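# Inside the fold
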Amino acid sequence: MNFTVEEYLDLLEGADQVTGSKLYRMGEAEVSGITYESEKAGPGSLFICKGALFKKEYLEEAVSRGSICYVSERDYGLEQVPRILVKNIREAMPLLAEKFYQVPEGMLKYIGVTGTKGKTTTTYYIKGIFDEYMKQTGGRGIACLTSVETYDGKEREAASITTPESLELYRHFRNACDSGITCLAMEVSSQALKYGRVAGIAFDVGVFLNISEDHISPVEHKSFKDYFCSKLQLFHQVRTAVVNLDSEFSRTVLMEASSAGRILTFGTKPGADIYGHDVCVENGKVRFSVTCDRFEGEFSLAMHGIFNVENALAAIAVAYACELPFATMQKGLAGVTVDGRMEEYSSRDQKLKAIVDYAHNGLSFEKIFDSVRVEYPDYKIVSVFGCPGGKALNRRRDMGLIAGKACSKVYLSADDPGPEEVQDICTEIGRFVEDTGCPYECISDREAAIKKAMTEAEENTVVLVLGKGGENSQRVGQILCAYKSDSEVVRECIREYDSKLPYGRPRRL
Ligand SMILES: CC(=O)N[C@H]1[C@@H](OP(=O)(O)OP(=O)(O)OC[C@H]2O[C@@H](n3ccc(=O)[nH]c3=O)[C@H](O)[C@@H]2O)O[C@H](CO)[C@@H](O)[C@@H]1O[C@H](C)C(=O)N[C@@H](C)C(=O)N[C@H](CCC(=O)O)C(=O)O
Ligand SMILES: Nc1ncnc2c1ncn2[C@@H]1O[C@H](COP(=O)(O)OP(=O)(O)OP(=O)(O)O)[C@@H](O)[C@H]1O
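Residues numbered from 1 in each chain as written. Chains lettered and ligands numbered in written order. Predicted model: local features only at pLDDT ≥ 70, side-chain atom pairs only at ≥ 80, totals over all residues. Heavy atoms only, no water.

Taking an unreviewed UniProt entry as the reference, the chain is identified by name as UDP-N-acetylmuramyl-tripeptide synthetase belonging to Wansuia hejianensis. UniProt lists a comment for the chain under the heading Function (unreviewed entry), and it reads "Catalyzes the addition of an amino acid to the nucleotide precursor UDP-N-acetylmuramoyl-L-alanyl-D-glutamate (UMAG) in the biosynthesis of bacterial cell-wall peptidoglycan." Taken directly from UniProt, the Subcellular location (unreviewed entry) text for the chain runs: "Cytoplasm". (UniProt positions renumbered as here; feature names shortened; annotations may be inferred.)

Okay, structure coming up:
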């Protein structure tokens with residue numbers, strides 16, 4: 001059902017958002033669409049003017065495409081075009097989205113996951129458990145919004161952002177309800193919390209995984225405090241807070257979590273409600289046990305990476321909070337893999353191994369190198385990675401030092417250089433690698449760098465290809481250039497290596 005522009009004005013006036021509504025020709029026109037992207041405006045749409053880079057021409061384009069009214073913090077002086085002027089467009093947007101999409105109350109269970117590292121993996125672990133439960137109970141698989149893809153029961157598409165804007169979110173929520181889905185799990189980034197993308201959403205369960213310095217830059221968070229405080233905001237809109245006792249600053253997190261209705265802790269410390277212990281690697285599988293007041297038992301993971309126990313414990317805690325059976329958790333977790341996360345590739349003779357993973361900051365580098373040393377005790381390690389241009393600048397030091405200490409050689413290359421030159425970024429990282437005494441090489445072309453690392457790898461070496469996972473684009477300047485993907489390049493290298501072995505044709509990997 002469509003509402004009129006007047007009704008949207010009433011909504012925003014009721015929220016004390018409207019500032020001197022200078023409106024022309026209000027009329028009874030019904031709003032048939034809502035967007036902040038001029039190219040998506042159409043007849044009868046409401047256009048939202050927002051963003052640091054907004055231009056009046058976008059509004060003019062939206063009007064030319066049939067927008068009947070715009071909502072904005074400023075008056076763009078387009079005579080004869082109805083407008084609603086508001087105090088804060090980012091506070092107004094979720095209100096408009098909620099009214100337009102009319103998401104039924106109480107139909108969806110909302111699960112949000114925040115933290116510096118592990119959001120995507122944990123969200124897929126949650127999906128694995130809940131999909132298993134839905135299969136057993138005849139329900140539909142859950143909706144899932146991650147930095148890899150969004151699936152809401154109607155639409156499935158590759159993600160371009162970790163947490164979409166509120167307009168997209170409410171569309172996904174409505175699609176999920178219309179599809180008969182009853183549960184949605186999503187990543188909640190610090191940016192999303194800072195810019196109000198998830199404003200108004202009452203999460204049934206909110207997970208806080210971990211926190212370490214990341215996303216500090218002029219375009220993200222101006223300080224660690226801003227970053228940390230943004231993430232902590234999640235607890236102001238969750239019923240059950242799920243908190244990692246192993247996280248840095250866990251006491252501060254627990255204090256903030258007290259604003260939630262209930263707190264459930266997880267981790268590898270005996271005091272955790274969901275207590276994970278006896279972590280080991282057996283026959284190439286990560287295994288661990290869980291003890292809590294309701295059950296005790298063993299789990300195994302399909303993914304490499306001892307750090308994934310933390311993500312699995314978070315998912316188990318969410319399932320516990322939703323009262324899912326223990327056996328469902330075991331079965332649901334056991335088969336989960338995530339695109340671009342700890343993908344292992346081995347040559348036929350097992351002498352050449354590669355792992356494609358998304359690690360791209362200090363915390364994830366620490367965890368992955370620790371894990372690989374344990375999981376591949378007899379292997380040397382080399383790594384291929386880079387750092388993005390124009391943001392998260394502290395990663396260059398952190399990643400350079402950690403990789404230099406763990407590897408027998410480091411290959412530096414492109415990873416979304418954006419406004420900077422690849423060589424400049426690599427030179428900066430290289431200075432820190434050099435401090436560790438580890439040999440390194442800068443090769444601007446990422447595919448060439450991976451191929452060189454794989455070709456030069458000595459017997460019993462594991463090549464870690466880090467930072468992009470399955471992504472098939474590189475941000476160069478302002479544009480996204482096509483990129484084969486680390487996974488594809490590694491598969492080609494393994495096939496090439498196998499083809500030279502004394503027997504058999506290359507396998508399909
Ligand atoms: C700093 C930030 O978060 N910016 C996000 C924000 O941009 P913005 O609202 O400032 O809008 P803008 O980019 O200035 O563009 C201005 C407006 O003009 C509109 N426009 C633009 C061109 C046109 O032809 N017509 C038109 O209407 C745009 O739709 C936009 O609404 O809203 C845009 C969508 O409307 C996002 O794409 C953009 O994310 C940028 C690309 C970004 O890099 N965001 C990062 C920092 C981010 O959000 N990262 C987190 C993950 C971090 C983590 O891993 O924890 C995330 O959730 O992805
Ligand atoms: N719990 C964890 N602690 C530390 N590092 C982790 C953890 N889980 C995953 N990682 C590392 O971080 C990388 C990214 O994992 P994942 O994509 O699940 O996290 P994310 O929070 O979604 O990341 P991003 O915010 O960069 O999208 C993984 O490939 C792995 O190297």
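A few words now on the overall build of the chain. Scanning the chain from N- to C-terminus turns up 15 helices and 23 strands. Computed over its C-alpha atoms, the radius of gyration of the chain comes to 25 Å, within 12% of the 23 Å expected for a compact globule of 509 residues. Across its three principal directions, the C-alpha atoms of the chain cover 80 × 55 × 45 Å. Counting across all 509 residues of the chain, residues that qualify as buried make up 56%. (Helix = DSSP H or I, 4+ residues; strand = E, 2+ residues; numbered from the N terminus. Rg over C-alpha atoms; globule rule 2.2 N^0.38 Å. Buried < 20%, exposed > 50% of the residue type's maximum accessible area, 1.4 Å probe, protein only.)

With numbering matched to this structure, UniProt assigns "binding site: UDP-N-acetyl-alpha-D-muramoyl-L-alanyl-D-glutamate" (unreviewed entry) to S38, T162, T163, S189 and R197. Across 160 residues of sequence, these annotated residues are also dispersed in space, with a maximum C-alpha separation of 25.2 Å. Counting through the fold element by element, T162 comes out in the loop between β8 (156–158) and α5 (166–178). Residue contacts for T162: discarding those within four places in its chain leaves K119, T146, S147, E187 and S189. Tracing the chain through its elements places T163 in the loop between β8 and α5. With a relative accessible area of 0%, T163 lands in the buried category. (Contact = heavy atoms within 4.5 Å.)

Right, let's talk about the UniProt feature "domain: Mur ligase central" (unreviewed entry) in the chain for a bit. UniProt's entry tags residues 113–319 with the feature "domain: Mur ligase central" (unreviewed entry), counted in the numbering of this structure. Secondary structure content for residues 113–319 is 32% helix and 28% strand, while the C-alpha to C-alpha distance between its ends is 13 Å.

Reports of interface size often rely on the accessible area that becomes lost once the parts have come together. Parsing the chain into structural domains produces domain 1 (5–89 + 96–101), domain 2 (109–334) and domain 3 (343–499). Distance between the C-alpha centres of domain 1 and domain 3: 46 Å. (Domains from an automatic or database assignment.)

For the rest of this paragraph, the subject is helix α3 (residues 89–101). Over its 13 residues, α3 extends 18 Å from the first C-alpha to the last, a length consistent with the 18 Å expected when each residue adds 1.5 Å. Counting buried residues in α3 gives ten out of 13 residues, a clear majority hidden from the surface. Of the positions making up α3, those classed as buried are I89, R90, A92, M93, P94, L96, A97, K99, F100 and Y101. Check the buried side of α3 and you find it contacts α1 (5–14), β1 (33–35), β2 (45–48), β3 (69–72) and α5. Sitting at the head of α3, N88 places a side-chain oxygen 2.8 Å from the backbone nitrogen of R90. At the exit of α3 stands Q102, carrying a positive phi of roughly 50 degrees. (Expected span 1.5 Å × (residues − 1). Polar contact = N/O pair within 3.5 Å; in protein donor to acceptor, adjacent residues only side chain to side chain.)

Near ligand 2, the surroundings consist of 20 residues, among which K117, K119, T120, T121 and D357 are the closest. The backbone of T116 places a nitrogen or oxygen atom 3.4 Å from an oxygen atom of ligand 2. Here an oxygen atom of ligand 2 sits 2.6 Å away from a polar atom, N or O, in the side chain of K117. In isolation ligand 2 exposes 620 Å². Once the protein is present, 97% of that is buried. (Near = heavy atom within 4 Å. Areas by Shrake-Rupley, 256 points an atom, 1.4 Å probe, with all protein chains shown as cover.)

A few words now on the site of ligand 1. Of all residues adjacent to ligand 1, which total 22 residues, the nearest are K50, T162, E165, S189 and R197. Contact distances for ligand 1 include 2.8 Å between an oxygen atom and a backbone N or O atom of L53. At 3.1 Å from an oxygen atom of ligand 1 is found a main-chain nitrogen or oxygen belonging to T163. In the complex, 71% of the free accessible area of ligand 1, which totals 1000 Å², lies under the protein chains. The residue inventory of the shell around ligand 1, partitioned by class, reads eight nonpolar, seven polar and seven charged. (Nonpolar A, V, L, I, M, F, W, Y, C, P; charged D, E, K, R; others polar.)

A separate point is the sheet that holds strand β5 (residues 109–114). Strand order in the open sheet formed by eleven strands is β8-β7-β6-β9-β5-β10-β11-β12-β13-β14-β15, and the pairing between neighbours is mixed. Here the strands that pair on one side only, and so sit at the sheet edges, are β8 and β15 (296–301). Pairwise comparison of adjacent strand axes, ignoring direction, gives a mean angle of 20 degrees for this sheet. Pairing analysis gives two bridges linking strand β12 (residues 262–267) to strand β13 (residues 274–282), with the strands arranged parallel. (Pairing = 2+ DSSP bridges. Axes fitted to C-alpha atoms, helices over the stretch in contact; angles between N-to-C directions.)

This part covers the environment of V465. Mapped onto the elements, V465 comes out in strand β21 (residues 461–466). Judged by its relative accessible area of 0%, V465 is buried. Placed 429 residues apart in sequence, V465 and Y36 show a C-alpha to C-alpha distance of 37 Å. When near neighbours in sequence (up to four residues on either side) are disregarded, V465 contacts I355, V356, D357, V384, R446, I450, D486 and V490.

With that settled, consider the packing of α1 against α3. The N-to-C vectors of α1 and α3 enclose an angle of 135 degrees; their axes lie 10 Å apart at closest approach. In terms of orientation, α1 and α3 fall into the oblique class. Where α1 crosses over α3, the handedness of that crossing is right-handed. Across from E7, Y8, L11 and L12 in α1, the residues of α3 making contact are A92, L95, L96, K99 and F100. A breakdown of the residues in the contact of α1 with α3 according to their chemical character gives seven nonpolar, no polar and two charged. (Parallel < 35°, antiparallel > 145°, perpendicular 65-115°, else oblique. Left-handed = near helix turned anticlockwise from the far one by under 90°.)

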